[in-house]
Amino acid sequence: MRRMCFHAYGGPEVLRLEAVPDPDPGPGELLVRTEAIGVTLPCVRAVRGEGQRQPLPGLPGGEIAGRVVAVGPLVTGFAVGDRVTAPGGWYADTTPVPAVLASHIPDDAGSVEAVALVRSGHVALAALDTASISAGESVLITGAASGVGHLAVQLAKIHGAGRVVAAVGSLDKAAFLRELGADDVISYDSGTWGEPVDVVLDAVGGDLLPRAVAALNPGGRLIFFNSGGGSVSAFDLLAGSKTITGMTMARFARTQRHRYDEHHRQLWRLHQAGQLQAAVHAQIPLADAATAHGIIEARTNQGKVVLRP
Ligand SMILES: NC(=O)c1ccc[n+]([C@@H]2O[C@H](COP(=O)([O-])OP(=O)(O)OC[C@H]3O[C@@H](n4cnc5c(N)ncnc54)[C@H](OP(=O)(O)O)[C@@H]3O)[C@@H](O)[C@H]2O)c1
């Protein structure tokens, strides 16, 4: 099998293609011949060695879709030949993935759309669920054109939000986001972020976090689900009776499995009814993973960047 690895932390240039024997799936794992592999900001950051470092040599990855070629011990519900998508897995033509959050791809859907829709859609829905949005509340989404963000814009509208504001690094992304239903599009560096909102879904964090908190109405809620970190004065929360709630999709899936399964059905139902677009910014050969990481680092993607083995 062929897979990408990195022997030093750094930019796209540290990614190397290597040939290794196919692994056997371990307990609870599926071995999948991949057809599409999602590229994500957390993975780009992991290659850079940001945050909690994975040991070297590192194996980038995060979400895949393809066909099951072997089933590990203790796995139920999957068989060789099944078409699945799953969080986890490597940038590889063959990869093990945990079966616990793997799911079947509908017969009439492709692997690329599965990889653009499912994991990112789950993150967006878990963030919306955590925010408990009431009908008509206004929502601002940072990183709104990202794989997660562009689905969150559409799902916020579908879930009854009033004004949806898409915040991005560059207004080049405005037409894309308006097409998806955003009422306003603002760039981070604009002097004002406009009228305050009831909820922020923060996919960026870092230096933007204090501005995102400032953009909230009194009593507003910010859902923090990004890999950018950041800090804010507790007094700023006190003064406006504002809250920040952290959220990871992995924990949401573990602790609210029933909701997670419901979200899963909802994502495919909306997508197949043409009400939820999973935009694909680029499809790039696995061997050119560096090009894919370069797109994310340049912050130019509008929707999901996908690798093809
Ligand atoms: N909590 C969870 O369980 C969970 C799971 C998956 C992903 N996430 C988070 O969701 C967010 C979006 O992830 P994604 O994979 O959907 O993103 P993506 O498709 O890879 O899109 C990347 C976009 O993020 C924005 N961005 C903000 N800061 C950046 C930086 N320092 N470097 C590069 N891009 C940056 C850029 O758009 P702008 O310049 O327009 O901002 C860029 O175009 C990330 O923060 C990620 O950590 C959370």
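Residues numbered from 1 in each chain as written. Predicted model: local features only at pLDDT ≥ 70, side-chain atom pairs only at ≥ 80, totals over all residues. Heavy atoms only, no water.

Novice: Talk me through the pairing of strand 5 (residues 83-90); I want residue IDs and the actual numbers.
Specialist: Where burial is concerned, most of strand 5 is hidden: seven out of the eight residues are buried. Sheet topology places strand 4 (residues 61-71) next to strand 5; seven bridges connect them, and they run antiparallel. Across the sheet, the residue bridging to arginine 67 is arginine 83, located in strand 5. The pairing of strand 5 with strand 7 (residues 103-104) spans two bridges and is classified as antiparallel. Looking at the pairing, valine 84 lines up with histidine 104 of strand 7. (Buried < 20%, exposed > 50% of the residue type's maximum accessible area, 1.4 Å probe, protein only. Helix = DSSP H or I, 4+ residues; strand = E, 2+ residues; numbered from the N terminus. Pairing = 2+ DSSP bridges.)

Novice: Which residues make up helix 9 (residues 289-298), and what are the values?
Specialist: Residues of helix 9 that are buried: Ala289, Ala292, His293, Ile295 and Ile296. Within helix 9, the buried residues cover an arc of 150 degrees as seen down the axis, which keeps them to one side. In the segment just after helix 9, arginine 299 is the residue with positive phi, at about 60 degrees. (Arc of directions from axis to C-beta.)

Novice: Now, about the nonpolar core: what can you tell me, with residues and values included?
Specialist: If you look at soluble globular proteins, the nonpolar side chains tend to sit buried side by side. Core analysis: the biggest nonpolar cluster contains 56 residues, and Ile141, Val153, Leu155, Leu177, Leu201 and Phe225 have the highest contact counts within it. Counting residues per element, the ones that place at least two in this core are helix 2 (111-131), strand 8 (139-142), helix 3 (147-158), strand 9 (164-168), helix 4 (174-179), strand 11 (197-202), helix 7 (249-255) and helix 8 (257-272). Discounting residues that sit within four places of it in the chain, valine 153 has contacts with Ile141, Ala144, Val164, Ala166, Leu177, Leu180, Gly181 and Ala182. (Core = buried A, V, L, I, M, F, W, Y, C linked by side-chain atoms within 4.5 Å. Contact = heavy atoms within 4.5 Å.)

Novice: Any chance you could break down the packing of helix 1 (residues 41-48) against helix 9 for me, citing the residues and the numbers?
Specialist: In contact at an axis separation of 10 Å, helix 1 and helix 9 are set at 105 degrees when each is read in the N-to-C sense. By the angle class used here, helix 1 and helix 9 are roughly perpendicular. Packed against helix 1, whose contacting residues are Leu41, Cys43, Val44, Val47 and Arg48, the element helix 9 presents His293, Ile296 and Glu297 at the interface. The class makeup of the residues in the contact of helix 1 with helix 9 is five nonpolar, one polar and two charged. (Axes fitted to C-alpha atoms, helices over the stretch in contact; angles between N-to-C directions. Parallel < 35°, antiparallel > 145°, perpendicular 65-115°, else oblique. Nonpolar A, V, L, I, M, F, W, Y, C, P; charged D, E, K, R; others polar.)

Novice: Account for the pattern of salt bridges, naming residues and giving values.
Specialist: Counted according to the given criterion, the structure contains 13 salt bridges. Linked through salt bridges whose partners overlap, the residues forming this network are Glu63, Arg119 and Lys304. (Salt bridge = Lys/Arg side-chain N within 4 Å of Asp/Glu carboxyl O.)

Novice: Which residues make up the site of the ligand, and what are the values?
Specialist: Neighbouring the ligand are 25 residues; Gly147, Lys173, Tyr188, Met249 and Asn301 lie closest to it. The side chain of serine 227 places a nitrogen or oxygen atom 2.8 Å from an oxygen atom of the ligand. Interatomic distance of 2.7 Å between a backbone N/O atom of methionine 249 and an oxygen atom of the ligand. Its free accessible area being 920 Å², the ligand has 91% of it covered by the protein chains. Secondary-structure elements contributing two or more residues to the shell around the ligand are helix 1, helix 2 and helix 3. Broken down by element, the shell around the ligand gets its largest block of residues, three residues, from helix 1. A class-by-class count of the residues in the shell around the ligand yields twelve nonpolar, nine polar and four charged. (Near = heavy atom within 4 Å. Polar contact = N/O pair within 3.5 Å; in protein donor to acceptor, adjacent residues only side chain to side chain. Areas by Shrake-Rupley, 256 points an atom, 1.4 Å probe, with all protein chains shown as cover.)

Novice: I'd like to hear about the pairing of strand 15 (residues 304-308), residue by residue, with values.
Specialist: Strand 15 sits mainly inside the fold: four of its five residues count as buried. As defined by bridge partners, strand 3 (residues 29-39) adjoins strand 15 across three bridges and the pair is classed as antiparallel. Counterpart to glycine 38 in the pairing with strand 15 is valine 306. Strand direction decides the pairing type here: strand 14 (residues 280-285) and strand 15, joined by five bridges, are parallel. Residue pairing across strands places valine 280 opposite lysine 304, the latter belonging to strand 15. Viewed along the sheet, the connection from strand 14 through helix 9 into strand 15 turns out right-handed. (Right-handed = clockwise from strand over helix to strand, strands pointing away.)

Novice: Tell me what's going on with the packing of aromatic side chains, and back it up with residues and numbers.
Specialist: Each aromatic ring pair is specified by the distance between its two centres and by the angle formed by the two planes. Under the counting rule described, the total for this entry stands at two aromatic pairs. With centroids separated by 6.5 Å and ring planes inclined at 45 degrees, the aromatic side chains of tyrosine 188 and tryptophan 193 adopt a geometry described as tilted. Overall, the relative accessible area of 11% leaves tyrosine 188 in the buried class. Here tryptophan 193 falls in the buried class, since its relative accessible area comes to 7%. Sitting over the ring of tryptophan 90, arginine 3 keeps its end group 4.9 Å from the ring centre. (Phe/Tyr/Trp six-rings, centres within 6.5 Å; stacked < 30°, edge-to-face > 60°. Lys NZ or Arg CZ within 6 Å of the ring centre and 35° of its normal.)

Novice: Residue-level account of the environment of alanine 70, with values.
Specialist: Within the element layout of this structure, alanine 70 appears in strand 4. Residues alanine 70 and arginine 211, 141 residues apart in the sequence, show an inter-C-alpha distance of 48 Å.

Novice: Lay out the packing of helix 2 against helix 3 with the relevant residues and their values.
Specialist: For any two helices packed against each other, the geometry comes down to the angle between their axes and how far apart the axes lie. It is the contact of helix 2 with helix 3, at a shortest axis distance of 8 Å, that shows an interaxial angle of 55 degrees. As far as their axial angle goes, helix 3 and helix 2 are oblique. Regarding helix 2 and helix 3, the two cross each other, and that crossing is right-handed. Along its contact with helix 2, which presents Ala116, Leu117, Ser120, Gly121, Val123, Ala124, Leu125 and Leu128, the element helix 3 presents Gly147, Val148, Leu151, Ala152, Leu155 and Ala156. Residues that form the contact of helix 2 with helix 3 fall into these classes: eleven nonpolar, three polar and no charged. (Left-handed = near helix turned anticlockwise from the far one by under 90°.)

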